[in-house]
Amino acid sequence: SSERRNVILAKLNDAQSRAVRSKAPTVAILAGPGSGKTHTLTSRVVWLVDCEGFRPEDVVVATFTVKAAREMQERIGKALGSGREKKLVLGTFHSIARRYLAAYGRHIGLAQKFGIADDSDSRAIILRICKRLQLAIDPPAARAWISKRKAKGSGADSDFSSVGAQKLLTKTPAKTAGQRELETCYTEYQSQLERSNLLDYDDLLVRCVELLRKFPSCVSNVKTVLIDEYQDTNGVQYELMKLLAQKHGRITVVGDPDQSIYGWRSAEIRNLWRLLEDYPGAAEISLEENYRSSQSIVTLSLLVIQQDEKRYKKALKPVHNKGSRPVLRRLKNASTEAEWIVSEIRRAILMSGGMLTHNDVAVLLRSAALSRHVESALGKAGVAYRMVGGFKFYDRAEIKTVLDYLRVIHQPENNDALARIMNVPRRGIGEGTVKSLIDEAEKSSLSLWSLLVKHCRGDRAAKTKISKHAEQKISGGLLRLLDSVRKRIEQAANDSSQFGLVEIIQQLLEALSFQKVLQETHPDDHEQRWANVQEFISLANDFVRDLGQNVDDYLPEIDGVQQTKDVDALPRFLANVSLASDAQTKGDDQDNKPLVTLSTIHAAKGLEWPIVFVPAVYNGSIPHMRSEDNDEERRLLYVAMTRAQALLHLSCPLYSSNSNGERNELSPFVKPVAAAFAKKGPCFDRPVMSEIARILERQLPAEQSIYKGMPAMFSTEDSLFPLDPEETREIPAGGAARGGSNVSADASRPKRPRLYG
Ligand code: ATP
Ligand code: MG
């Protein structure tokens, strides 16, 4: 109806509205941060479903992070109503690929129950291969190399299956010794994944490309594909996008080349231009107003990104007023820096008289490793926080153990998971025994599970060197335990009783006597660990609850391509865990208590907060010492700065907090524009606060309620941290300042920042 149309269009400016309504088959929006790209994309989905009659299940929407996908689904849901957003094929490229593979994968020879190897699984496998085959290559570098190979994708005729990839490799002429070792590692890695029936992140995409190429009817219902954060798609994702849209060729992409920060994962800005070549006649629409940030935040961020002279230039005009000048503060060391951040957070919130809460604050870090000081300062001050991106709840030992048991229950041939739980809880099975069993399994091309089963049944062919004692422990302990849980699941399936994911987990914990095990093995902190396990159960519970509503089964039944119904909660839950490594949160939204967000910059992409802190802007942190691409590092800083709506604080510890306390050098991206920053936070008087209120479109409470009885330290500028002349002294370029590290490529260093490690 025209009323619905007007509701959707009312929140859009002219250019955005044109993009939303465009009838062009291909629409490309290249625009700066905060210009409403995501808002436009979301509105277009609503428009297509509501006003153009698209069925939601025929619309594919790809975002870059799980968190962004969730947020977008929520927003679309609000606009569409009646739960129709759940039918959209919406998620990250990886989760979309997984869904198609779960439904149709067996047509390309995929085992029905495949598991997913996440980044840390892949790393562990490669490390083991390098050790076992004594390869003289750096395991992280090998991992990056393999991933690059897989992610590159290529022309329409290339075969993406693993065999094809191997063929590709052996074609390379005149190989160096290093290259040969890499190839050996690659081949071995791939065959181990296959034996364990695992797909790694790259495989998910590569195999889905293979599937959609061979069986285009899997996506014959897809009417249109929409992609957010398009600048960060890599070659395979580009192929996947084309294949998803192969029937109707309708694609909408939005992105910003200035925010391309995944080059280290083979994202190619080139894909932007490739799209325009592959789909001539695309409508290109630019959005030029920034609705997110104050004028001074936009201006300063542009000063940073404009240092890159090769960039694709586009306009970005702030619609908001000037606002407070962003702050650049130098503090003695990382812990004073963290204390300053906490005191600034408290000051701003207190002075806002309730207009701002902890939810409005984010601290964005170049790497997860930097969080320590900020966490402890927040903890000391009793400020609750949530952590996003790169901080792994699921990596806690106790959670990982439970997960590994679940993985093996789901899929016994998962060798790595099985190897990790052989001796957890302690069964007197030594590391040496586990190693020799793995070697044995690898030699005889068996999965570890089949070897153990054979062995324990007294199969001669499987006789290994392990002791009678260990054998008893394995068959009487581990195998029996797993069998009992699995039997219980089967039984429940047969008599169709209510035995869901949570029951499986509880049954497992009971069979393991897990609480008792924790008490014995971790006398000091078993309570915390058990609480984590409880938290895990409640996550599983939430997952099942969402699943109940979100019937994930709208993929079409297609003639000749039979679909496997992917209804079990366990495999979906495990996949969700493996794919959500960017969205893992701790203490998320308990009791709706306002929480400060602690996030990596990578995971903050696309999001916004009224108050943003970017600590550790020193050379070696940003640009990161292990990064090879200075321009990408600059874009990363640009992404961080442009998350802020009203208040932006950069800070830099003068001395590094590690052993020798070297002097840090201010980031070279900030140094040339340092004079444009304020040296300390604003005084938060009435005029400053009402500026902030206007930018955020919020109400500032009546004056009296704020300033009455305010302690002196809060009414003046940050007197807790008086400016020390030493702290603010400008450092001459190339002068005595040392430490941090050299930005130039250094061959002896590992190649890539390992954010998710
Ligand atoms: P990024 O590049 O960081 O992902 P973006 O271009 O996707 O940014 P959005 O997140 O869509 O930008 O929008 C930024 C903010 O501006 C949001 O709070 C959004 O609600 C608001 N906004 C977008 N368009 C308009 C508009 N026409 N009128 C008012 N507010 C708008
Ligand atoms: Mg966006």
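Just so we're clear, the structure is a prediction, and the values are computed from it rather than from any experiment.

(A) Spatial organisation of the overall build of the chain. Looking only at helices and strands, one finds 29 helices and 17 strands in the chain. A buried classification covers 58% of the 757 residues belonging to the chain. As displayed, the chain offers around 31,700 Å² of accessible surface, 50% of which is attributable to carbon and sulfur atoms.

(B) View of the sheet that holds strand β7 (residues 251-255). Here we have 6 strands laid out as an open sheet, ordered β3-β2-β6-β7-β1-β8, and parallel in their pairing. If you trace the sheet from one side to the other, it starts and ends with β3 (89-92) and β8 (283-285), each paired once. Sheet twist, expressed as the mean angle between neighbouring strand axes with direction ignored, is 10 degrees. Taken together, the 5 bridges between strand β1 (residues 26-30) and β7 define a ladder with parallel strand orientation.

(C) Quick peek at the environment of leucine 226. One can find leucine 226 in strand β6 (residues 224-227). The sequence separation of leucine 226 and valine 45 amounts to 181 residues, and the corresponding C-alpha distance is 8.1 Å. The residues contacting leucine 226, other than those within four sequence positions of it, are Leu41, Arg44, Val45, Val59, Val60, Val61, Ala62 and Thr252.

(D) Molecular detail of the pairing of β7. Burial within β7 is extensive, with 5 of its 5 residues counted as buried. Where β6 lies against β7, 3 bridges are found, and the strand directions are parallel. By the bridge assignment for β7, valine 225 is matched with isoleucine 251.

(E) The arrangement of the site of ligand 1 in detail. Taken together, 19 residues sit near ligand 1, with Lys37, Thr38, Arg292, Glu608 and Arg643 positioned nearest. Between ligand 1 and the protein, one listed contact pairs a nitrogen atom with a backbone N or O atom of lysine 11 at 3.2 Å. Take the shell around ligand 1: its biggest share by element is 3 residues, from helix α3 (residues 37-50). Looking at the shell around ligand 1 residue by residue, the class counts come to 3 nonpolar, 10 polar and 6 charged.

(F) Structural view of the state of the cysteines. Inspection of every chain in the model, using the stated rule, returns 0 disulfides. The closest cysteine sulfur to the non-disulfide-bonded cysteine 185 is located on cysteine 130, 4.2 Å from its own sulfur. Cysteine 185 sits in the buried class, given a relative accessible area of 0%.

(G) Looking closely at helix α24 (residues 569-579). For α24, a buried count of 10 out of 11 residues is recorded, marking the element as mostly surrounded by other parts of the structure. For α24, every residue scored as buried is listed here: Ala569, Leu570, Pro571, Arg572, Phe573, Leu574, Ala575, Val577, Ser578 and Leu579.

(H) Structural detail: the pattern of salt bridges. Within this structure, the stated rule accounts for 39 salt bridges. With a closest N to O distance of 3.0 Å, aspartate 58 and arginine 55 form a salt bridge. For aspartate 58, a relative accessible area of 2% corresponds to the buried category. For lysine 605, the salt bridge is made with glutamate 229, and the minimal N-O distance between the two is 3.5 Å. Of this pair, lysine 605 sits in the loop between β15 (596-600) and β16 (609-614) while glutamate 229 sits in the loop between β6 and α11 (235-244), placing them 376 residues apart in sequence. By the burial criterion, lysine 605 is buried, and glutamate 229 matches it. A network of salt bridges, in which partner residues are shared, links Arg55, Glu57, Asp58 and Lys223.

(I) Fine view of the nonpolar core. In this structure, Leu406, Ile505, Leu508 and Phe536 are the most contacted members of the largest nonpolar core, which totals 51 residues. Among the nonpolar cores identified, the runner-up in size contains 45 residues, and Leu110, Val219, Val222 and Ile227 belong to it.

(J) View of the environment of glycine 500. Here glycine 500 shows up in the loop between α20 (468-494) and α21 (501-512). Here glycine 500 falls in the partly exposed class, since its relative accessible area comes to 27%. Remark: the alpha-carbon pair of glycine 500 and valine 544, spanning 44 residues in sequence, is separated by 8.2 Å.

(K) Inspection of the packing of aromatic side chains at higher detail. One pass over the structure, following the stated rule, counts 5 aromatic pairs. With a centroid separation of 6.3 Å and 25 degrees between ring planes, the pair formed by tyrosine 100 and tyrosine 104 is classed as stacked. Placement of the pair is tyrosine 100 and tyrosine 104 together in helix α5 (residues 93-104), with a separation of 4 residues, close to one helical turn. Take tyrosine 100: its relative accessible area is 1%, and that puts it in the buried class. For tyrosine 104, a relative accessible area of 0% translates into the label buried. With a centroid separation of 6.4 Å and an interplanar angle of 90 degrees, the aromatic rings of tryptophan 145 and tyrosine 186 are classed as edge-to-face. Pair noted here: tryptophan 145 is in helix α7 (residues 139-152) and tyrosine 186 is in helix α9 (residues 177-195), with a separation of 41 residues, a long-range link. Of the two residues, tryptophan 145 and tyrosine 186, neither departs from the other in class, the shared state being buried. Residue placement shows lysine 605 over the ring face of phenylalanine 64; its charged tip is 4.0 Å from the ring centre.

(L) Geometry of the side chain of serine 352. Within the fold, serine 352 resides in the loop between α14 (334-351) and β12 (361-365). Within the structure, the side chain of serine 352 is placed 2.9 Å from the backbone nitrogen of leucine 356, a separation counted as a polar contact.

(M) Up close: the pairing of β12. Most of β12 is tucked away: 5 of the 5 residues are buried. Residues Val361, Val363 and Leu365 of β12 are buried on one face, and the alternating residues Ala362 and Leu364, pointing to the opposite face, are buried as well. Relative to β16, β12 runs parallel, the two being bridged by 3 bridges. From the neighbouring strand, alanine 362 faces β16, where its bridge partner is valine 612. Two elements, β12 and β15, share 4 bridges in a ladder whose sense is parallel. Considered in β15, the bridge of valine 363 is made with leucine 598.

(N) Representation of unusual backbone geometry within the structure. Cis geometry marks the peptide bond from valine 424 to proline 425, where omega comes out at -5 degrees. Within the secondary structure, proline 425 sits in the loop between α17 (415-421) and α18 (431-443). The backbone of glutamine 134 sits at a positive phi, close to 50 degrees, despite the residue not being glycine. Assignment of secondary structure puts glutamine 134 in the loop between α6 (119-132) and α7. Among the residues examined, glutamine 134 registers a relative accessible area of 68% and is labelled exposed.

(O) Structural context of α18. Helix length check: α18, at 13 residues, gives a terminal C-alpha distance of 18 Å against a target of 18 Å (1.5 Å per residue), a fit within 8%. Of the residues making up α18, those classed as buried are Thr433, Val434, Leu437, Ile438, Ala441 and Glu442. Where α18 is buried, its residues contact α6, α9, α17, α19 (448-456) and α20. Where α18 ends, the next residue or the one after it, serine 445, has phi of about 50 degrees, a positive value.

About the criteria used
- Residues numbered from 1 in each chain as written.
- Chains lettered and ligands numbered in written order.
- Predicted model: local features only at pLDDT ≥ 70, side-chain atom pairs only at ≥ 80, totals over all residues.
- Heavy atoms only, no water.
- Helix = DSSP H or I, 4+ residues; strand = E, 2+ residues; numbered from the N terminus.
- Buried < 20%, exposed > 50% of the residue type's maximum accessible area, 1.4 Å probe, protein only.
- Areas by Shrake-Rupley, 256 points an atom, 1.4 Å probe, with all protein chains shown as cover.
- Pairing = 2+ DSSP bridges.
- Axes fitted to C-alpha atoms, helices over the stretch in contact; angles between N-to-C directions.
- Contact = heavy atoms within 4.5 Å.
- Near = heavy atom within 4 Å.
- Polar contact = N/O pair within 3.5 Å; in protein donor to acceptor, adjacent residues only side chain to side chain.
- Nonpolar A, V, L, I, M, F, W, Y, C, P; charged D, E, K, R; others polar.
- Disulfide = S-S within 2.5 Å.
- Salt bridge = Lys/Arg side-chain N within 4 Å of Asp/Glu carboxyl O.
- Core = buried A, V, L, I, M, F, W, Y, C linked by side-chain atoms within 4.5 Å.
- Phe/Tyr/Trp six-rings, centres within 6.5 Å; stacked < 30°, edge-to-face > 60°.
- Lys NZ or Arg CZ within 6 Å of the ring centre and 35° of its normal.
- Expected span 1.5 Å × (residues − 1).

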